[in-house]
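One letter stands for each residue in the lines below.
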Amino acid sequence: MPLDAQTLNSLGLPKPPSETRVVVAMSGGVDSSVVAAMLAEEGYDVVGVTLQLYDHGAALAKKGACCAGIDIHDARRVAEQMGFPHYVLDYENIFRDAVIDEFAESYLGGATPVPCIRCNERVKFKDLLGTAKDLDADCMATGHYIQRMLGDHGAELHSAADANRDQSYFLFSTTPEQLDYLRFPLGHLKSKAETRALAAKYGLSVADKPDSQDICFVPDGNYASVIEKLRPGAAEPGEIVHADGRVLGEHRGVIHYTIGQRRGLGIGGLSEPLYVVKLDVDNKRVVVGPKEMLATRKVPVREINWLGDAPFTSQAEWPLSVKVRSTRPPREAVIRPISETEAEVELIVAEEGVSPGQACVFYDPNGSRIFGGGWIWRGY
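Residues numbered from 1 in each chain as written. Predicted model: local features only at pLDDT ≥ 70, side-chain atom pairs only at ≥ 80, totals over all residues. Heavy atoms only, no water.

Draft legend 1. Just the side chain of Thr20, in detail. The topology assignment puts Thr20 in the segment before strand 1 (21–25). By relative accessible area, which is 0% here, Thr20 ends up buried. At 3.1 Å, the side chain of Thr20 and the side chain of Asn9 are in polar contact. (Helix = DSSP H or I, 4+ residues; strand = E, 2+ residues; numbered from the N terminus. Buried < 20%, exposed > 50% of the residue type's maximum accessible area, 1.4 Å probe, protein only. Polar contact = N/O pair within 3.5 Å; in protein donor to acceptor, adjacent residues only side chain to side chain.)

Draft legend 2. Local environment of the packing of aromatic side chains. Throughout the structure, instances matching the rule amount to twelve aromatic pairs. The cationic tip of Lys133 hangs over the ring face of Tyr181; the distance from NZ or CZ to the ring centre is 5.0 Å. Over the aromatic face of Tyr145 sits the side chain of Arg165, whose NZ or CZ is 5.5 Å from the ring centroid. (Phe/Tyr/Trp six-rings, centres within 6.5 Å; stacked < 30°, edge-to-face > 60°. Lys NZ or Arg CZ within 6 Å of the ring centre and 35° of its normal.)

Draft legend 3. Quick peek at the pattern of salt bridges. The final tally for this structure, using the stated rule, is 27 salt bridges. The shortest N-O distance in the salt bridge between Lys192 and Asp31 comes to 3.3 Å. Of this pair, Lys192 sits in helix 6 (residues 192–201) while Asp31 sits in helix 1 (residues 30–41), placing them 161 residues apart in sequence. Here Lys192 matches Asp31 in class, with each residue buried. Measuring nitrogen to oxygen at the nearest pair gives 2.4 Å for the salt bridge that ties Asp71 to Lys209. Here Lys209 lies in the loop between helix 6 and helix 7 (223–230) and Asp71 lies in helix 2 (residues 69–82), a separation of 138 residues in the sequence. The residues Asp71 and Lys209 share a single accessibility class, namely buried. (Salt bridge = Lys/Arg side-chain N within 4 Å of Asp/Glu carboxyl O.)

Draft legend 4. Fine view of the sheet that holds strand 3 (residues 86–90). Reading across from one edge, 3-2-1-4-7 is the order of the five strands in this open sheet, with parallel pairing throughout. One side of each edge strand has no neighbouring strand; the edge strands of this open sheet are strand 3 and strand 7 (182–183). Strands in contact with helix 1 are strand 1, strand 2 (45–52) and strand 4 (139–141); relative to strand 1, the strand with the most contacts, it is inclined by about 165 degrees. Most of the contacts of helix 4 (residues 115–134) go to strand 4, to which it runs at about 135 degrees, and overall it touches strand 1, strand 2, strand 3, strand 4 and strand 7. (Pairing = 2+ DSSP bridges. Contact = heavy atoms within 4.5 Å. Axes fitted to C-alpha atoms, helices over the stretch in contact; angles between N-to-C directions.)

Draft legend 5. Just the packing of helix 1 against helix 6, in detail. It is at 9 Å that the axes of helix 1 and helix 6 come closest, and there the two elements cross at 55 degrees. One element, helix 1, and the other, helix 6, form an angle in the oblique class. By crossing handedness, the relation of helix 1 to helix 6 is classed as left-handed. Taken together, the residues of helix 6 that come into contact with helix 1 (itself represented by Val30, Asp31, Val34, Met38 and Glu41) are Lys192, Thr195, Arg196, Leu198, Ala199 and Lys201. Grouping the constituent residues of the contact of helix 1 with helix 6 by class yields five nonpolar, one polar and five charged. (Parallel < 35°, antiparallel > 145°, perpendicular 65-115°, else oblique. Left-handed = near helix turned anticlockwise from the far one by under 90°. Nonpolar A, V, L, I, M, F, W, Y, C, P; charged D, E, K, R; others polar.)

Draft legend 6. Looking closely at the sheet that holds strand 10 (residues 275–280). The strand order across the open sheet built from four strands is 9-8-11-10, with neighbouring strands paired in mixed fashion. Of all strands in the sheet, those bounded by a partner on one side alone are strand 9 (247–251) and strand 10. On average, adjacent strands in this sheet sit at an angle of 30 degrees to one another, irrespective of strand direction.

Draft legend 7. Structural context of the state of the cysteines. Counted by the stated rule, this structure contains zero disulfides. The thiol of Cys360 is unpaired, and the distance to the nearest cysteine sulfur, on Cys116, comes to 18 Å. On the accessibility criterion, Cys360 (0% relative accessible area) is buried. (Disulfide = S-S within 2.5 Å.)

Draft legend 8. The environment of Ala235, seen in detail. For Ala235, the location among the structural elements is in the loop between helix 7 and strand 8 (238–242). The partly exposed category is assigned to Ala235, whose relative accessible area is 22%. Taking the C-alpha atoms as reference points, Ala235 and His251, separated by 16 residues in sequence, lie 9.6 Å from one another. Once residues lying within four places of it in the same chain are set aside, the contact partners of Ala235 are Glu228, Arg252, Gly253, Ile255 and His256.

Draft legend 9. A look at the side chain of His256. One can find His256 in the loop between strand 9 and strand 10. Among all residues touching His256, those that are not within four sequence positions of it are Ala224, Glu228, Ala235 and Gln261.

Draft legend 10. Structural view of helix 3 (residues 92–108). At Ile100, helix 3 is bent by approximately 30 degrees, the largest bend along its length. Of the residues making up helix 3, those classed as buried are Glu92, Phe95, Ala98, Val99, Ile100, Phe103, Ala104, Ser106 and Tyr107. Lining the buried residues of helix 3 we find strand 2, strand 3, helix 4 and helix 7. After helix 3 finishes, the residue Gly110 shows a positive phi value of roughly 90 degrees. (Bend = angle between axes of the 7 residues up to and from the residue.)

Draft legend 11. Region of the structure containing the pairing of strand 13 (residues 318–323). Strand 13 sits mainly inside the fold: five of its six residues count as buried. As judged from the three bridges shared by strand 13 and strand 16 (residues 359–363), these two strands associate in the antiparallel manner. Paired with Lys323 across the strands is Val361, a residue of strand 16.

Structure, rendered in structure tokens:
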């Protein structure tokens, strides 16, 4: 006999909150702390879990980074204050194998990786989610700004109500099975101010804690210095070459450059502004050219996670919007499946600086739904 909607709790489960166990992934920041406090106040059986992802004493660590020592302390304080158990799990080996090593290899290969996506995909929503099930939790909640809505075919992923906080680009690889188990209690909030107001309401010590802006293991956004620590000797010098073949100078290692970069090339005195248009890792060359060389309309994508209702290959074309970088708005595009996990994306208007290693995320052009996405590669 179908359950009446009124019997469902605020997490959409057919139990009273007191009989519903929720594992909350706690980074020590204000967002996940508010989620844990909110659910604890509602009477849920909350279990807080914080992941130790790398050695806090290592050269890579920095104060204020996700899951650094101060954050573990902050998460523990919130749990003590709200009266629920809190555990710290050592995921250093998993994080290194699943995220950091690939980050280094990808960067050395001339790509511009997004390790936060891999962390969500391979650590938080895989190993941690499995741990939550081992703890007999009914669901796992996080502080991500994204919405989970029920549609005709099950749980759907939707953009956050606050476009400025939306994290859908970093969560496109969430599978339908994971989505069934996950909850995102902050996705409907209109602003970060609302989150901080809730933190103040609960009297949380992290109410005014600044947001972390960097990748947790990359101090001050300096990718190259991290790569040099992970792969000593990787920064070999080479030539800076114009797209027309002219050698314009020397560089101190391909890892110091990214597609679309203009500043810091060390080749001043030229009549036209030049940008990095290609990283030729095999020949240790940084190729530069005029801005128009950065524009592209054809984007090869693989490792696609499709979240549509019909099979990905059931249509020759999908008219959707796509994001090719986290900081850019979705752009109109046509997605042409090659297989269940590969496609060619054609942008209606050319984009500049499309880079291998970035994600290409698919959006409903007329709504908030996310249809998955994949990884941009060179196409050969």
